[in-house]
Amino acid sequence: MADLLTELRERLPEARIKTDPDVVLAYSHDRAHFERHGTAAVLVSPQSTDEVVAAMKAAEAANAIVVPRGAGTGLTGAANAIDGCMILSVHNMAEVLEIDRTNRMARVQPGVINSELKKAVASVGLYYPPDPASYEMSSIGGNVATNAGGLCCVKYGVTRDYVIGLEVVLVNGDVIRTGRKTLKSTTGLDLTGLFVGSEGLLGIITEITVKLEPAPSPPETAVAYFAELPQCGQAITAIFDRGLQPTVMEIIDRASLEIVERHYPMDLDTDAACLILMQATAEDQPISELVEICEEFGATGVFHTTDPDEGEQLLEVRRRIGNALEKVSKHYLPEDVAVTRERLPELLSGITEIAERNEVLIPVFGHAGDGNMHPSLVFDIDDEDEVRRVRKAFTEIVQLALDLGGTLAAEHGVGTLKREFIEDEIDPIHLALQRELKATFDPDNRLNPGKGL
Ligand SMILES: Cc1cc2nc3c(=O)[nH]c(=O)nc-3n(C[C@H](O)[C@H](O)[C@H](O)COP(=O)(O)OP(=O)(O)OC[C@H]3O[C@@H](n4cnc5c(N)ncnc54)[C@H](O)[C@@H]3O)c2cc1C
């Protein structure tokens, strides 16, 4: 079998190939604290599709495993190195190639950071909605490969709803283009959709065409505290039952409020059971209509503003939770389950019960408008008993979400973190079909094996 480094050096400039163990290590894991990563043989950072093709042909000649990587902000171990693999990082492919105002679309390389795309399209009056809380550090390629969600999904949907075309380098180095430039097309099967959320299992995404929206009017923002979680759940369902359309609807429970307040003092009410954070635009309805419903269901403290800058500051409460959690403990395990909106109170009370019974600190926050919660299990990795209790509580939360008719992986993907549970959600015939699809694209199982499916 050919040697991977020799094959790479024959095809790529030396500057794209890194073997320094410290450099390779820095690219060998994502942000999933529990998931182990292997030792990669090499890090390759191509600057063009042709260079990705060259790297894939080298890996094929050496029969090497390939782990695609964006910005490494994933939370499931999906970008973690596998022993002896080639990590293929697209961070050097980070150009916005085209913004088409007439057809409201943009063509980008996969390494473009989400916030950079947002800024680029905003400069011509357009809007790219998907906004994971990691939008200032995650890549569009990674967002596509995980079908990332975010705060504004409640109105605008997830990454899948904006991807209309892809360029993909297959495992043997062949290049395909999926999708179209026209807004409509019924030609052939939808392979674009298949690649969205495919977690690096089917090919390397080297170019992405996304649909854009006209820039919305500046949002109005409100926060409402509740003394009881069930009241908050009732307010959320009433907002949708009555036909209102928030653009953001986030929930932050008491434990999360306490952690944020401890590390980023903002005068939060840490006696409340939870806070909901809402935004709406004048195109839909004034924020006051959402606030009135919260008051009707017993909100204890309510504040709203039409000032977009003040609104952004309020959103910081939500965006800082991840960083605040990292200050509380070097290790936390972020869950990512979702249920339909009306089952949210059951999910929340079930998580509280699981936390108490297993004696684990589980701050809960998430996208209340989508029923997508991120209970985050805090632990000390050196405390064996606590690690055992955390694993048990984590499994129980997955099962709770499934028992409530929900999903075990709403927006972060499966990676290695949740692979053991996948058969609990997808029935055997369906799962076998998915695995056959993977084998069609990757017959030798060299693309990110052991992840996802
Ligand atoms: C603080 C914080 C907040 C977060 N908030 C959210 C949130 O609100 N919503 C949300 O959905 N996620 C969130 N995440 C998770 C993470 O940011 C997303 O999963 C993101 O989409 C990953 O992008 P990335 O560029 O970092 O990809 P990586 O972590 O590098 O990779 C993720 C997966 O995509 C594959 N991949 C990456 N690039 C390519 C490519 N070009 N071709 C093929 N496969 C590729 C990798 O193999 C891997 O399977 C958060 C993470 C953090 C740390």
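About the cut-offs
Residues numbered from 1 in each chain as written. Predicted model: local features only at pLDDT ≥ 70, side-chain atom pairs only at ≥ 80, totals over all residues. Pairing = 2+ DSSP bridges. Helix = DSSP H or I, 4+ residues; strand = E, 2+ residues; numbered from the N terminus. Contact = placed C-beta atoms within 7 Å. Axes fitted to C-alpha atoms, helices over the stretch in contact; angles between N-to-C directions. Near = placed C-beta within 6 Å. Nonpolar A, V, L, I, M, F, W, Y, C, P; charged D, E, K, R; others polar. Domains from an automatic or database assignment. Buried ≥ 20, exposed ≤ 12 C-beta atoms within 10 Å, placed from the backbone. Parallel < 35°, antiparallel > 145°, perpendicular 65-115°, else oblique. Left-handed = near helix turned anticlockwise from the far one by under 90°. Core = buried A, V, L, I, M, F, W, Y, C linked by C-beta atoms within 7 Å. Expected span 1.5 Å × (residues − 1). Arc of directions from axis to C-beta.

## Brief notes about the sheet that holds strand β1 (residues 17-18)
- With mixed pairing, the four strands of this open sheet are ordered in space as β1-β2-β4-β3. Each having just a single partner strand, β1 and β3 (66-69) make up the two edges of the open sheet.
- When β3 meets strand β4 (residues 86-89), the two strands line up parallel, connected through four bridges. When the sheet's bridge partners are listed, Pro68 is paired in β4 with Leu88.
- Where helix α1 (residues 4-11) meets the sheet, it contacts β1, β2 (42-44) and β4, and its direction lies at approximately 25 degrees from that of β2.
- Its contacts with the sheet place helix α3 (residues 49-61) against β2, β3 and β4, and it is angled at close to 170 degrees to β4.

## Some points on the site of the ligand
- Around the ligand sit 35 residues, and of these Gly70, Gly74, Gly141, Gly142 and Gly200 come closest.
- Mapped onto the shell around the ligand, the elements with two or more residues apiece are β3, α5 (140-146) and β10 (204-211).
- The greatest single-element share of the shell around the ligand, amounting to five residues, is contributed by α5.
- Of the residues that constitute the shell around the ligand, the class distribution is 13 nonpolar, 17 polar and five charged.
- Among the domains, domain 1 (4-89) and domain 2 (96-214) are the pair contributing at least three residues each to the shell around the ligand.

## A short note on the domain arrangement of the protein
- For the protein, the assigned domains read domain 1 (4-89), domain 2 (96-214), domain 3 (217-328) and domain 4 (329-418).
- Each of domain 1 and domain 4 has a C-alpha centre, and these two points are 31 Å apart.
- Tallying the contact residues gives 10 residues for domain 1 and 11 residues for domain 4.
- Per-class residue counts for the side of domain 1 that touches domain 4 are four nonpolar, five polar and one charged.

## Regarding unusual backbone geometry
- Positioned with a positive phi, Asn147 is a non-glycine residue whose angle comes to about 50 degrees.
- Inspection of the secondary structure puts Asn147 in the loop between α5 and α6 (153-156).
- By the C-beta count within 10 Å, which is 23 here, Asn147 ends up buried.
- The phi dihedral of Asn448 is positive, around 45 degrees, even though this residue is not glycine.
- On the secondary structure map, Asn448 appears in the segment after α16 (428-441).

## What about the packing of helix α13 (residues 344-358) against helix α14 (residues 384-403)?
- In contact at an axis separation of 10 Å, α13 and α14 are set at 160 degrees when each is read in the N-to-C sense. The pairing of α13 with α14 is recorded here as roughly antiparallel in orientation. Crossing angle aside, the handedness with which α13 passes α14 is right-handed. In this structure, α13 contributes Leu347, Gly350, Ile351, Ile354, Ala355 and Asn358 to the contact, and α14 contributes Arg389, Lys392, Ala393, Glu396, Ile397, Leu400 and Ala401.

## Things to note about the nonpolar core
- Grouped together as the largest cluster of nonpolar side chains are 78 residues, with contacts concentrated most on Ala224, Leu275 and Ile276.
- By residue number, the principal contributor to this core is α14, which donates seven residues.
- Ile276 has contacts with Ala224, Cys232, Met249, Glu250, Ile251, Cys294 and Ala368, leaving out every residue within four places of it along the chain.
- In terms of nonpolar packing, the next biggest core, distinct from the first, is built from 58 residues, Ala55, Ala64, Tyr128 and Val171 among them.

## Observations concerning the packing of α1 against α3
- Taken N-terminus to C-terminus, the directions of α1 and α3 make an angle of 150 degrees; their axes are 8 Å apart at the nearest point. Relative to α3, the element α1 is oriented roughly antiparallel. The handedness of the crossing between α1 and α3 is right-handed. Residues Leu4, Glu7, Leu8 and Arg11 of α1 form the contact with α3, whose participating residues are Ala54, Ala55, Lys57, Ala58, Ala59 and Ala61.
- Here the contact of α1 with α3 is built from residues that sort into seven nonpolar, no polar and three charged.

## Things to note about α13
- Relative to the 21 Å expected for 15 residues at 1.5 Å per residue, α13 spans 21 Å between its end C-alpha atoms, a close match to the ideal helical length.
- Looking at α13, one finds that the buried residues are Leu344, Leu347, Leu348, Gly350, Ile351, Ile354 and Ala355. Buried residues in α13, looked at end-on, bunch into an arc of 165 degrees, giving them a common side. Turned more than 90 degrees away from the buried face of α13 sit Glu353, Glu356 and Arg357, all of them exposed.
- Packed against the buried residues of α13 are α8 (229-241), β19 (372-373) and α14.
- Downstream of α13 by a residue or two, Glu359 has a phi angle that is positive, lying close to 50 degrees.

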